[in-house]
Amino acid sequence: MMYALPVLEKSWNNLLKDQMNEVYFKDLQKKLSIESQKHPVFPPLEKVYSAFELTPFHKVKVVIIGQDPYHNPNQAHGLAFSVPLNEKRPPSLLNIYKELHRDLGMAIPEHGDLQSWAKQGVLLMNASLTVRAFKANSHAKIGWQTFTDTLIQRLSSQKKHLVFMLWGNFAIQKKQFICEGQGHLILESSHPSPLSAYRGFLGSGVFSQCNSFLKGHGIEEIDWNSPNLEIMD
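Attention in this report is confined to the structure presented alongside it. Predicted model, so just to flag it, every value in this text is computed and none were measured.

### Details of the overall build of the protein
Broken down by element type, the protein carries 8 helices and 6 strands. A globule of 233 residues ought to have a C-alpha radius of gyration of about 17 Å, and the protein, at 17 Å, matches this closely. Projected onto the principal axes, the alpha-carbon positions of the protein cover approximately 45 × 45 × 30 Å. Relative to its 233 residues, the protein shows a buried fraction of 53%. Summarising the internal contacts of the protein: among those between residues at least 6 apart in sequence, 69% fall at separations of at least 24. Carbon and sulfur atoms make up 51% of the accessible area of the protein, which totals about 11000 Å². Across the protein, the mean location of the 24 positive side-chain charges is 6 Å away from that of the 21 negative side-chain charges.

As structure tokens, then:
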């Protein structure tokens, strides 16, 4: 499969088109083309930039940063922590739902599709946008993080009063790229993984804190309830 330079949603393209012409980004596309001839790469090519299609730059209110896509078949669809409707809910996502239930009293959905969040302005962005099948973090050093770190810098410098949810040490390290002086709220906690959720994520109240902050700045709150869409047998 050949990876070509992407055609991003217009508002993101305006922000990042210079990056896509940089040598590192063109090399990244070449590496992905070579990699995909030898191994399955997730998510599918047409889903790599789904987060940006569903959440245009001008609509971003909240940024949730994941490490990289799910590396098992049929799970990754371009949104951090999310899986398609028919897929089993991963353990980290189940803990996210548990905290939502504890924090806001919301029912736990039967599915793991977070597109409804994305459409409201929650940018569900992985630091690496692709991964080799069955090998977590395998694309961490091929150039994606240069691209996404630049995105965080520019997004945070050109918008005010964003909420950044940084879950776990990897995401917390991205705080250095968040522009100061723009009135952003940074919410740090442990990762929702079963290995660490009980060390600070569960009980953190990040979702109510987020909505309180948005409301306080005259920004429409996020409806965190993921509707139970019809799941095909």
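Back to the text.
### Things to note about the packing of helix H4 (residues 91-104) against helix H8 (residues 206-216)
Running from N to C, H4 and H8 cross one another at 60°; their axes reach a closest spacing of 8 Å. One finds that H4 runs oblique with respect to H8. Along the contact surface, H4 presents Ile96, Glu99, Leu100, Asp103 and Leu104, while H8 presents Val206, Phe207 and Ser208. When its residues are assigned to classes, the contact of H4 with H8 shows 5 nonpolar, 1 polar and 2 charged.

### Considerations on the packing of helix H2 (residues 23-38) against helix H6 (residues 144-158)
In contact at an axis separation of 9 Å, H2 and H6 are set at 135° when each is read in the N-to-C sense. The angle between H2 and H6 falls in the class oblique. Contact residues: H2 offers Tyr24, Phe25, Leu28, Gln29 and Leu32, while H6 offers Trp144, Thr146 and Phe147.

Conventions we followed
- Residues numbered from 1 in each chain as written.
- Predicted model: local features only at pLDDT ≥ 70, side-chain atom pairs only at ≥ 80, totals over all residues.
- Heavy atoms only, no water.
- Helix = DSSP H or I, 4+ residues; strand = E, 2+ residues; numbered from the N terminus.
- Rg over C-alpha atoms; globule rule 2.2 N^0.38 Å.
- Buried < 20%, exposed > 50% of the residue type's maximum accessible area, 1.4 Å probe, protein only.
- Contact = heavy atoms within 4.5 Å.
- Areas by Shrake-Rupley, 256 points an atom, 1.4 Å probe, with all protein chains shown as cover.
- Lys, Arg positive; Asp, Glu negative; His and termini not counted.
- Charge placed at Lys NZ, Arg CZ, Asp CG, Glu CD.
- Axes fitted to C-alpha atoms, helices over the stretch in contact; angles between N-to-C directions.
- Parallel < 35°, antiparallel > 145°, perpendicular 65-115°, else oblique.
- Nonpolar A, V, L, I, M, F, W, Y, C, P; charged D, E, K, R; others polar.

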